[in-house]
Amino acid sequence: MELRFYSMHGNLKEPRYLFIINPAAGQGRTAGLFTSLKSRIEKKGVRFDFRITRVPGDAIAFAREGAEREYTHIISVGGDGTSHEVVKGLMGSSAIFGTIPSGSGNDFPKSAGVPLDPALAVDTLFSGGVKAVDVGQLGDRFFINGLGIGLDGAVSHRFKKLRFFRGQLGYVLGAVQEAFAFEGFVTGVKIGDWEYSGRLLLAGASNGMYQGGKFKLAPEANVGDGLLDFHIIKDMNPLQRLVKIPKVLSGTHAGLEEVELRRGPEMEITVERSLPAHMDGEPFYLKPGTHKISILPGALRVMTAPDSD
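Residues numbered from 1 in each chain as written. Predicted model: local features only at pLDDT ≥ 70, side-chain atom pairs only at ≥ 80, totals over all residues. Heavy atoms only, no water.

Student: What is the right way to look at the overall build of the chain in this model?
Tutor: When helices and strands are tallied, the chain shows eight helices and 17 strands. Relative to its full complement of 309 residues, the chain shows a buried share of 54%. Contacts spanning at least 24 positions in sequence make up 71% of the contacts within the chain whose residues lie at least 6 apart. Per element, the accessible surface of the chain, about 13800 Å² overall, is 51% carbon and sulfur. (Helix = DSSP H or I, 4+ residues; strand = E, 2+ residues; numbered from the N terminus. Buried < 20%, exposed > 50% of the residue type's maximum accessible area, 1.4 Å probe, protein only. Contact = heavy atoms within 4.5 Å. Areas by Shrake-Rupley, 256 points an atom, 1.4 Å probe, with all protein chains shown as cover.)

Okay, structure coming up:
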């Protein structure tokens with residue numbers, strides 16, 4: 001069957017695929033992955049091009065250029081960080097987003113219904129369905145899977161510096177190290193009519209269930225429900241942190257007295273000092289002040305497996 005794509009304006013278009021490849025993702029495995037998958041893509045009989053990223057920010061520019069040149073499908077080949085950049089570049093366009101997971105955590109594909117096997121993910125790009133998913137927003141930044149402030153932000157910064165331990169093991173190792181090193185912070189949080197003021201270990205928002213590969217921070221999160229799952233965890237001593245980290249891995253932390261899980265369309269947080277943070281695993285620093293974290297319902301169309309909810 002010949003593929004056709006309707007733009008937001010109703011015009012019939014021939015599908016054009018742009019693959020944006022981060023060769024450094026997955027400890028360098030992605031560099032050889034696309035070569036092995038290229039023949040599989042060629043057999044689909046569609047028009048496609050690819051771009052290779054060299055430095056951070058390239059994927060944003062390539063995606064933005066691709067959207068302007070009216071590629072109908074823009075595909076991230078890499079991890080959640082690569083997808084994060086690609087989505088930022090195509091926000092506001094009519095392009096459909098796709099991903100071939102090959103990163104360290106692959107958190108977004110798990111929640112969005114994208115197969116983790118690269119070959120199956122390629123097939124999904126051509127025979128799967130299209131699902132509208134939500135996008136989180138902080139100021140002029142966007143995230144598709146999760147935002148973390150505090151301890152998990154510090155873990156993300158530390159993970160980027162690790163040389164010998166990568167993947168999910170690297171995230172766990174970073175969490176253990178930061179359990180001893182990270183200093184809690186004073187903050188004020190408001191979610192709807194619920195408010196909290198005090199000292200926290202971490203806070204953040206989840207669009208998908210997982211962050212950091214195996215950390216099930218938001219067991220009931222749904223990327224298409226129009227809401228974010230917020231987590232607020234009060235500060236505790238290093239020994240308590242070590243004892244309770246495994247509960248976050250298994251998603252059984254909801255019952256802890258230090259943990260507050262809330263769902264809603266937005267959260268307001270006020271911080272007194274610059275704090276390590278991350279979006280989709282990409283580290284940055286949140287400046288002192290009051291910040292609003294909100295949801296953009298159904299803002300992104302994603303190619304997913306045929307049986308995806």
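Student: Any chance you could explain the confidence of the model for the chain here in plain terms?
Tutor: Do not read the predicted coordinates in detail wherever pLDDT is low. On average, residues of the chain carry a pLDDT of 87, and 89% of them reach 70 or more. Element-level mean pLDDT values for the chain span from 40 in strand S1 (residues 5-6) up to 98 in strand S14 (residues 266-271). (pLDDT = per-residue confidence, 0-100.)

Student: Whenever I open this one, unusual backbone geometry confuses me. Can you help?
Tutor: One non-glycine residue, Glu-70, adopts positive backbone phi at about 65 degrees. As for its placement among the helices and strands, Glu-70 is situated in the loop between helix H2 (58-68) and strand S5 (73-78). Even without being glycine, Asp-280 reaches a positive phi, approximately 55 degrees. On the basis of relative accessibility, which here comes to 6%, the residue Asp-280 falls in the buried class.

Student: Just to check I follow, could you spell out the pattern of salt bridges for this structure?
Tutor: Pairing of side chains with opposite charge becomes possible as their charged atoms draw close. Tallied over the entire structure, the rule returns 14 salt bridges. Across the pair Glu-14 and Arg-47 runs a salt bridge, and its minimum N-O distance is 3.9 Å. In this pair, Glu-14 sits in the loop between strand S2 (12-13) and strand S3 (16-21) while Arg-47 sits in strand S4 (residues 47-52), placing the two residues 33 residues apart along the sequence. Residue classification places Glu-14 among the partly exposed positions, given a relative accessible area of 43%. Taking the relative accessible area as the measure of exposure, Arg-47 reaches 46% and is therefore partly exposed. Residue Asp-235 pairs with Arg-241 through a salt bridge whose shortest N-O separation is 2.7 Å. Asp-235 gets classed as partly exposed once you look at its relative accessible area, which sits at 24%. We classify Arg-241 as buried; its relative accessible area is 6%. Connected via shared salt-bridge partners are Glu-183, Arg-199, Asp-235 and Arg-241. (Salt bridge = Lys/Arg side-chain N within 4 Å of Asp/Glu carboxyl O.)

Student: Which parts of the structure should I look at to understand the pairing of strand S9 (residues 146-150)?
Tutor: If a strand is regular, its side chains alternate between the two faces of the sheet. Most of S9 sits out of view: five of its five residues are buried. Where S9 meets strand S15 (residues 275-279), three bridges bridge the pair, whose relative direction is antiparallel. Looking at the pairing, Gly-148 lines up with His-278 of S15. (Pairing = 2+ DSSP bridges.)

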